[in-house]
Amino acid sequence: FPVTISMEEVRYNVGDQMVSRRITPEAIEFTGRYGVVEKVRVEEYVDGPLDALAPAEPVVYTMYRKIPTETASLSCEAFFQHAAREVLKEYGLEGAVAAIRGVYRESGEGRGVFLMEPFTNITLLNDALDAGMCNEDDVVSIISQIALLLYILGVRLDMNHRDLKT
C-alpha cells in the first residue's frame, strides 16, 4: 500500500473538555516492513467545557507517529510498547522505550495508528560505528545493555527480538 503524508485531526474528551490534535507530518524517519515512522508536528487545542465555543491557543510539539504500511492495525504494537515501558520503569529503564502519547484509528482506512514521544540527542549505533565513535568496550557495553533489556522483557512479557524491531 502506498504511504501518503497528510494532515489529520483527532478529537477526544478529557473530563468535560474537548481536545483536538492537529497532526501534520514533517518527514518520514523510518520505513519498516509493517509500518512507517513519521516525524509529526502536533498542535493540541483544549476547547474548554464541551459547551464553550472559542478554542484556546494551541500547544505545539514534535512527536513520532507510526502508521501501518499494510492493512493491519498497529494498535496491539502500541499497547505492547506501553506495557514494555511500564515493566522497564520498575527497573529505572523506561527511557529505553518511547512513551506512547495516543492510539487512534486512521481516518479513511480505520487502521490503528499511534503517537509516541521522540528520542532526542541520540546517535544510531550503525551511525556511531561508521563515524568511529565507538571502541570495542563501547560495543560490548551496548550489547550487554540490549541483552539485559531483552532478558527483562522476555521474562516479564514473553517478548522476543522480533517484538523489538522498531
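Residues numbered from 1 in each chain as written. Predicted model: local features only at pLDDT ≥ 70, side-chain atom pairs only at ≥ 80, totals over all residues. Heavy atoms only, no water.

Looking at the overall build of the protein chain
The following threshold applies: Counting from the N terminus, the helices are the DSSP runs of H or I reaching at least four residues and the strands are the DSSP runs of E reaching at least two. Three labels apply to residues, based on accessible area from a 1.4 Å probe with only protein chains included: buried if under 20% of the type maximum, exposed if over 50%, partly exposed otherwise in between. Any pair of residues with heavy atoms lying within 4.5 Å of one another is described as a contacting pair. The Shrake-Rupley method, run with a 1.4 Å probe, gives the accessible areas here. Residue values count only the displayed protein chains as cover.
Counting its regular elements, the protein chain contains 3 helices and 6 strands. Across the 166 residues that make up the protein chain, the buried fraction comes to 31%. Here the contacts in the protein chain between residues at least 6 apart in sequence split such that 51% fall between residues at least 24 apart. Summed over its atoms, the accessible surface of the protein chain is roughly 10600 Å², and 54% of this surface lies on carbon and sulfur atoms.

Let's talk about the confidence of the model for the protein chain
The following threshold applies: For every residue, the predictor reports its confidence as pLDDT, a number between 0 and 100.
Mean pLDDT over the protein chain works out to 83, with 87% of the residues at or above the 70 mark. For the protein chain, per-element mean pLDDT is lowest for strand 1 (residues 8-14), which scores 77, and highest for helix 1 (residues 75-89), which scores 92. Confidence drops under pLDDT 50 across residues 1-5; counting only partners more than four residues distant or on other chains, this segment forms 10 contacts.

Overview of the side chain of E43
Put simply, the rule is: Pairing of N or O atoms within 3.5 Å defines a polar contact, subject to two protein rules: one partner must be a possible hydrogen donor and the other a possible acceptor, and residues neighboring in sequence count only if both atoms are side-chain atoms.
Tracing the sequence through the fold places E43 in strand 3 (residues 35-49). Of note is the side chain of E43, whose polar atom sits 3.1 Å from the side chain of Y45. What E43 contacts, discounting residues up to four positions off in sequence, is S20, R21, R22, P58, V59 and V60.

A short note on the nonpolar core
Rules: By nonpolar core is meant a set of buried Ala, Val, Leu, Ile, Met, Phe, Trp, Tyr and Cys residues that side-chain atoms within 4.5 Å join together.
Formed by V10, I23, V36, V40, V42, M63, I67, Y104, V113 and L115, the largest nonpolar core amounts to 10 residues. If you list the elements that add at least two residues to this core, you get strand 3, strand 4 (59-68) and strand 6 (112-116). The element that contributes the greatest number of residues to this core is strand 3, accounting for 3 residues. Listed in part, the 8 residues of the second largest apolar core include Y64, A98, I100 and M116.

A short note on the environment of F119
Mapping F119 onto the fold places it in the loop between strand 6 and helix 2 (125-130). For F119, a relative accessible area of 39% translates into the label partly exposed. With near-sequence residues (within four places) excluded, F119 lies in contact with Y64, G95, A96, V97 and A98.

Here we look at helix 3 (residues 136-157)
How we decide: Expected helix span is computed as 1.5 Å times (number of residues minus one).
For helix 3, with 22 residues, the first-to-last C-alpha span of 31 Å sits near the 32 Å given by 1.5 Å per residue. The N-cap residue of helix 3 is N135: its side-chain oxygen and the backbone nitrogen of D137 are 3.0 Å apart. In the stretch just after helix 3, D158 is the one whose phi turns positive, near 60°.

Looking at the pattern of salt bridges
Here is the rule: Between Lys or Arg on one side and Asp or Glu on the other, a salt bridge is scored when a side-chain nitrogen of the former is within 4 Å of a carboxyl oxygen of the latter.
Tallying each qualifying case throughout the model produces 7 salt bridges. R156 serves as the salt-bridge partner of E90, at 2.9 Å between the closest nitrogen and oxygen. Highlighted residues: E90 in the loop between helix 1 and strand 5 (100-105) and R156 in helix 3, separated in sequence by 66 residues. Judged by relative accessible area, which is 37%, R156 ranks as partly exposed. For the salt bridge of R101 with E117, the shortest nitrogen-to-oxygen distance reads 2.6 Å. In this pair, R101 is assigned in strand 5 and E117 in the loop between strand 6 and helix 2, connecting sequence segments 16 residues apart. In this structure R101 comes out as partly exposed when scored by relative accessible area, which is 38%. In this structure E117 comes out as partly exposed when scored by relative accessible area, which is 31%.

A closer look at helix 1
Over its 15 residues, helix 1 extends 21 Å from the first C-alpha to the last, a length consistent with the 21 Å expected when each residue adds 1.5 Å. Restricting attention to buried positions, one finds in helix 1 the residues S75, A78, Q81, A84, R85, V87 and L88. Residues of helix 1 that are buried make contact with strand 5, strand 6 and helix 3.

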